[in-house]
Amino acid sequence: MPCIFAFAEARDGEIREVGLEAVTAARQLADGMGGTVCGVALGGAGTTAEAKKLATYGADDIFVGESGALATYSPEGYASVLARFLKARGCDAAVFPASAMGKDLAPRVAARLGVGYASECTAVGVEGGRVVVTRPEYAGKVVARATITGKPAVLSVRGNVFAPRESPGAGRLQPLDVSAEGGGFGAIVREIQAAAGEKPDVAEAPIVVAGGRGLREPENFKLIEDLADALGNAAVGASRAVVDSGWRPHAEQVGQTGKTVSPQLYFAIGISGAVQHLAGMRTAKYIVAINKDPDAPIFKVADFGIVGDLFEIVPRLTEEIRRIRG
Amino acid sequence: MKSIVCIKRVPDTETRIRIAGDGRSIDPAGVKYVLNPYDEFAVEAAVRQKEAAGSGEVTVVSMGGPEAAETLRSALAMGADAAVLLRGDPAAQGLAVAAALAAELRGRDFDLALFGMKAVDDDLQAVGAMVAELLELPSATVVSDFEVSGGTVVAHREIEGGTEVVELKTPCVLTLTKGAYEPRYASLKGIMAAKKKPLEEKTAELGDSGVTTDELSYPPERQPGRIVGRGPDAVPELVRLLREEAKVI
Ligand SMILES: Cc1cc2nc3c(=O)[nH]c(=O)nc-3n(C[C@H](O)[C@H](O)[C@H](O)COP(=O)(O)OP(=O)(O)OC[C@H]3O[C@@H](n4cnc5c(N)ncnc54)[C@H](O)[C@@H]3O)c2cc1C
Ligand SMILES: Nc1ncnc2c1ncn2[C@@H]1O[C@H](COP(=O)(O)O)[C@@H](O)[C@H]1O
């Protein structure tokens, strides 16, 4: 029976949302092939208990490799464990999240197995027994439909596209023997420096509030942060103009040389809408633009726009959202 | 210190992209090509390492058609010392390219193999990590900044919600993102010097990419927006639309 692997990314013993998205995409492929989903989580202590929930999202088999050596991510260690696993089980496809970890790991796994890899897929399906994907290229200016010919077909799925869907699977939980991975890797994570603030990452948040040069001064980003806080579960994003000016960190940059985001809702505030910016956010479900220039290109892609001075509009918007969210 | 930087010729990000008659490739007519912006960061990083150390060598390698020689020259003008053109299908992607680059790197002595985080044409974000795996080298991807001392590299890589500090033994692979290495403009002197630097040409040993592009299409046009109104008075209507129509807040 076909077997679809999903990498259930864990960090600090917790399965991340993007890991559930990978399981959801794998479930879709498994249903197309009449196969099973096998979710795999690697990490330190606590990962096993967390991994049980993969069953809720459609995992038939759950394998957990828990060990001190794998508590922090290692490209070499993780790739070696997963490639061995994929080979031994003869999986037909391997789905990774297109996260920092997933996009580092998946190409290594594919190269180790000598098979093809497609990144940032926005749709997956099965045709004639083969895995067919849709993925944006040229910064979203074109969309490619591609067939992955290798076995397993290795791919990563873009964040926020495959919303975790409850679809109970058998969820047989089994340990994965990772004792052979003792460490001694050539690359070791020494430290993780958390970015200031507790807001979600711009590439993963369901709502992004992005600001541009129209904010005039870095201090005025307080308006953007306040709106994000009022919305809850929203990340702050930025245009390259303000990142280049040093107002905001590059991690917040949206666009061709920043992050590609597909949130449910994207606010572009004081952002003109240059092609390189649009490249990073045009697949958002809803776009709201606030700009004083009625001819700003951002209005061509925005679902809803308000023309006017952001310094008057944004505080009012924040207030209104606070009011309705109580 | 010896560095090798793998660079790709890609359409300028401003260029309008049109699908060719075959429906599965890009029409090159009228397209302006540049050095991939992320690869510029990698070239800049390698040249700065060499300058800081006061010695060393930077070799740039590109797989592509004869036109890629121009891209290699632009990297030589930024301060790289030698170039290698691996002649092969410029449309090849992923594992096919990684195999060709790995074959070239295998025979060479280097401390750092630098890549861009991704090529802005296929947007694959894979070749650097694939080469690392094929050569069994340690790697760090999406690096914004790194330091080298002795045989150790300390790299900062962007991850969700923070920065990962990774320590690597050389030789290793790094893929660069925007960060500490704002690329320089080539000086006239650099451009003149580049013409005299060695550029070796070979045939690329391309592998199989394992992925075939069946069809390219344009993304669905976003329906041009609706202007809800002007000024702060439009806010309540916007909020209503977001709640009741879009149901996103
Ligand atoms: C190779 C390359 C890669 C690039 N990559 C990226 C990328 O990844 N991301 C990115 O964003 N850009 C990128 N760019 C840059 C891009 O071309 C634009 O320069 C940039 O996006 C502009 O940022 P902005 O919209 O904040 O600034 P501007 O274009 O200056 O726009 C500011 C906007 O604010 C409005 N405004 C001003 N005051 C007010 C006010 N009081 N109230 C309301 N509105 C106001 C103005 O009308 C204007 O539309 C790239 C460029 C190149 C060449
Ligand atoms: N044809 C090529 N020649 C040389 N280097 C390449 C080529 N294709 C990709 N690369 C390198 O690999 C990086 C990632 O490319 P990609 O995986 O295609 O997004 C690029 O930024 C380059 O550094």
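Located above this text is the structure these notes cover.
Residues numbered from 1 in each chain as written. Chains lettered and ligands numbered in written order. Predicted model: local features only at pLDDT ≥ 70, side-chain atom pairs only at ≥ 80, totals over all residues. Heavy atoms only, no water.

S.K.: Before we move on, can you summarise the sheet that holds strand 7 (residues 139–149) of chain B with the specific residues and values?
M.R.: Sheet strands associate in pairs through backbone hydrogen bonding, adopting either a parallel or an antiparallel arrangement. Read across the sheet, 10 strands follow the order 13(A)-9(B)-8(B)-7(B)-10(B)-6(B)-1(B)-4(B)-5(B)-11(B) without closing on themselves; strand pairing throughout is mixed. Two strands bound the open sheet, and with one partner strand each, they are strand 13 (187–194) of chain A together with strand 11 (199–203) of chain B. Taking each pair of neighbouring strands and ignoring which way they run, the sheet shows an average axis angle of 30°. As paired strands, strand 7 of chain B and strand 8 (residues 152–159) of chain B are joined by 6 bridges and run antiparallel to one another. Bridge pairing in strand 8 of chain B links B:Asp145 to B:His156. Seen against the sheet, helix 1 (residues 37–53) of chain B touches strand 1 (2–6), strand 4 (57–64), strand 6 (112–116), strand 7 and strand 10 (172–176) of chain B and runs at an angle of roughly 150° to strand 6 of chain B. (Pairing = 2+ DSSP bridges. Helix = DSSP H or I, 4+ residues; strand = E, 2+ residues; numbered from the N terminus. Axes fitted to C-alpha atoms, helices over the stretch in contact; angles between N-to-C directions. Contact = heavy atoms within 4.5 Å.)

S.K.: Quick rundown of the sheet that holds strand 12 (residues 172–175) of chain A? Include the residues and the values.
M.R.: All names here are of chain A. Ordered by their spatial adjacency, 7 strands build an open sheet running 7-11-6-1-4-5-12, and the pairing between neighbours is parallel. At either margin of the open sheet sits one strand with a lone partner, and together these are strand 7 (117–121) and strand 12. Strand-to-strand, the axes of this sheet are offset by a mean angle of 20°, without reference to chain direction. Two elements, strand 7 and strand 11 (residues 153–157), share 3 bridges in a ladder whose sense is parallel. Following the sheet pairing, Ala118 is matched in strand 11 by Leu155. Against the sheet, helix 3 (residues 75–89) engages strand 1 (3–7), strand 4 (36–43), strand 5 (61–66) and strand 6 (93–97), with an angle of about 155° to strand 4.

S.K.: Requested: an account of the pattern of salt bridges, with residues and values cited.
M.R.: Scanning the entire structure with this criterion turns up 48 salt bridges over all chains. A:Arg145 is the partner of B:Glu215 in a salt bridge, and the nearest nitrogen-oxygen pair spans 3.9 Å. Here B:Glu215 is found in strand 12 (residues 211–217), whereas its partner A:Arg145 is found in strand 10 (residues 142–148) on a different chain. In this structure, B:Glu167 and A:Arg190 form a salt bridge, with 2.8 Å as the shortest nitrogen-oxygen distance. Note that B:Glu167 is positioned in strand 9 (residues 162–169) and A:Arg190 in strand 13, a pairing that runs across two chains. One connected set of salt bridges, linked through shared partners, spans A:Glu9, A:Arg11, A:Arg16, A:Glu204 and B:Glu160. (Salt bridge = Lys/Arg side-chain N within 4 Å of Asp/Glu carboxyl O.)

S.K.: Which residues make up the site of ligand 1, and what are the values?
M.R.: Surveying the vicinity of ligand 1 reveals 27 residues, the closest of which are A:Ser239, A:Gln253, A:Thr257, A:Ser272 and A:Asn291. Mapping the residues adjacent to ligand 1 onto the chains of the assembly identifies chains A and B. One nitrogen or oxygen atom from the side chain of A:Asn291 is found 2.7 Å from an oxygen atom belonging to ligand 1. Here a nitrogen atom of ligand 1 sits 2.9 Å away from a polar atom, N or O, in the side chain of A:Asp309. The fraction of the free accessible surface of ligand 1 (1,000 Å²) that becomes covered by protein chains is 81%. Of all the secondary-structure elements, those providing two or more residues to the shell around ligand 1 are helix 6 (240–244), helix 7 (275–281) and helix 9 (310–325) of chain A. For the shell around ligand 1, the residue count by class is 6 nonpolar, 15 polar and 6 charged. (Near = heavy atom within 4 Å. Polar contact = N/O pair within 3.5 Å; in protein donor to acceptor, adjacent residues only side chain to side chain. Areas by Shrake-Rupley, 256 points an atom, 1.4 Å probe, with all protein chains shown as cover. Nonpolar A, V, L, I, M, F, W, Y, C, P; charged D, E, K, R; others polar.)

S.K.: Before we move on, could you go through the pairing of strand 5 (residues 82–87) of chain B and cite the residues and values that matter?
M.R.: Residues and elements named next belong to chain B. Strand 5 sits mainly inside the fold: 5 of its 6 residues count as buried. Pairing geometry for strand 4 and strand 5, over 6 bridges, is parallel. In the strand pairing of strand 5, Val61 is matched with Val84. Crossover strand 4 to strand 5 through helix 2 (residues 68–78) is right-handed. (Buried < 20%, exposed > 50% of the residue type's maximum accessible area, 1.4 Å probe, protein only. Right-handed = clockwise from strand over helix to strand, strands pointing away.)

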